Amino acid sequence: GESVGLHLPTLSVQEGDNSIINCAYSNSASDYFIWYKQESGKGPQFIIDIRSNMDKRQGQRVTVLLNKTVKHLSLQIAATQPGDSAVYFCAENPPGNQFYFGTGTSLTVIP
Amino acid sequence: DAGITQSPRHKVTETGTPVTLRCHQTENHRYMYWYRQDPGHGLRLIHYSYGVKDTDKGEVSDGYSVSRSKTEDFLLTLESATSSQTSVYFCAISERAGRQPQHFGDGTRLSIL
């Protein structure tokens, strides 16, 4: 099976600072990637995705960077807010319909 | 938010009893998935469905069965629950297979004593 991980288990940032959350994926054939946010007691919530033909994609306050050479994905959150506190995890999608999910990084925003 | 409802949200039961979890969607998506989430593991796929009466196994399917008699409903059954099946179970849906997000329900927390 796939192995998606190498997350830092926890990350603490000051409110207003930028956050960077990293993820390594294992399958060089994966051509689609997603970042999810999961708050306590809730299901994963889609944040942003990127296809393998792109290196960078921006959303509202979030940016995903993809480095296929080293099989690395990162999520940047600008001006981090208390509402951003959650667990963030990445998912990789090799050709087909199966996704493989990382274990996640718990982000704590310090007011 | 995607219209996905999981029921029950919490359940405590005893080893050896049958358990059925329900996922209901209002999005008319073709694909539905059941995952389990455990500490130290990413979400792991149990079973998925690609249409009414069309299902297939995932990574951790042993001890689980599924059924999909209507587009909107996907049931997960533990025929004889074991303590190792204590977990949080998530249902997800997607319009197509791969290359687009799966959207998740809020989960069922299942404890087997």
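So, a few notes on the structure that sits alongside this text. (Residues numbered from 1 in each chain as written. Chains lettered and ligands numbered in written order. Predicted model: local features only at pLDDT ≥ 70, side-chain atom pairs only at ≥ 80, totals over all residues. Heavy atoms only, no water.)

## A short note on the environment of Thr13 of chain B
Residue and element names in this part refer to chain B.
So, point 1. Secondary-structure assignment places Thr13 in strand S2 (residues 10–13).
So, point 2. Spatially, the C-alpha atoms of Thr13 and Ile112 are 5.0 Å apart, while their sequence positions differ by 99 residues.
So, point 3. Filtering out sequence-adjacent residues up to four positions away, Thr13 remains in contact with Val19, Leu110, Ser111, Ile112 and Leu113.
So, point 4. Of note is the side chain of Thr13, whose polar atom sits 2.7 Å from the side chain of Thr17. (Helix = DSSP H or I, 4+ residues; strand = E, 2+ residues; numbered from the N terminus. Contact = heavy atoms within 4.5 Å. Polar contact = N/O pair within 3.5 Å; in protein donor to acceptor, adjacent residues only side chain to side chain.)

## A short note on the state of the cysteines
So, point 1. Enumeration over the complete set of coordinates arrives at two disulfides over all chains.
So, point 2. The residue that forms a disulfide with Cys23 of chain A is Cys90 of chain A, at a sulfur-sulfur distance of 1.7 Å. One end of the pair, Cys23 of chain A, is in strand S2 (residues 19–24); the other, Cys90 of chain A, is in strand S8 (residues 86–93), and 67 residues separate them in sequence.
So, point 3. With a relative accessible area of 1%, Cys23 of chain A lands in the buried category.
So, point 4. Judged by relative accessible area, Cys90 of chain A falls into the buried class, the value being 2%.
So, point 5. A disulfide bridge connects Cys23 of chain B with Cys91 of chain B, and the sulfur atoms are separated by 1.9 Å. Torsion about the S-S bond of the Cys23 of chain B and Cys91 of chain B cystine: about -70°, corresponding to left-handed handedness. Within this pair, whereas Cys23 of chain B is found in strand S3 (residues 19–25), its partner Cys91 of chain B is found in strand S9 (residues 87–94), the two being separated by 68 residues in sequence. Per residue, the accessibility class of Cys23 of chain B equals that of Cys91 of chain B, and both read buried. (Disulfide = S-S within 2.5 Å. Buried < 20%, exposed > 50% of the residue type's maximum accessible area, 1.4 Å probe, protein only.)

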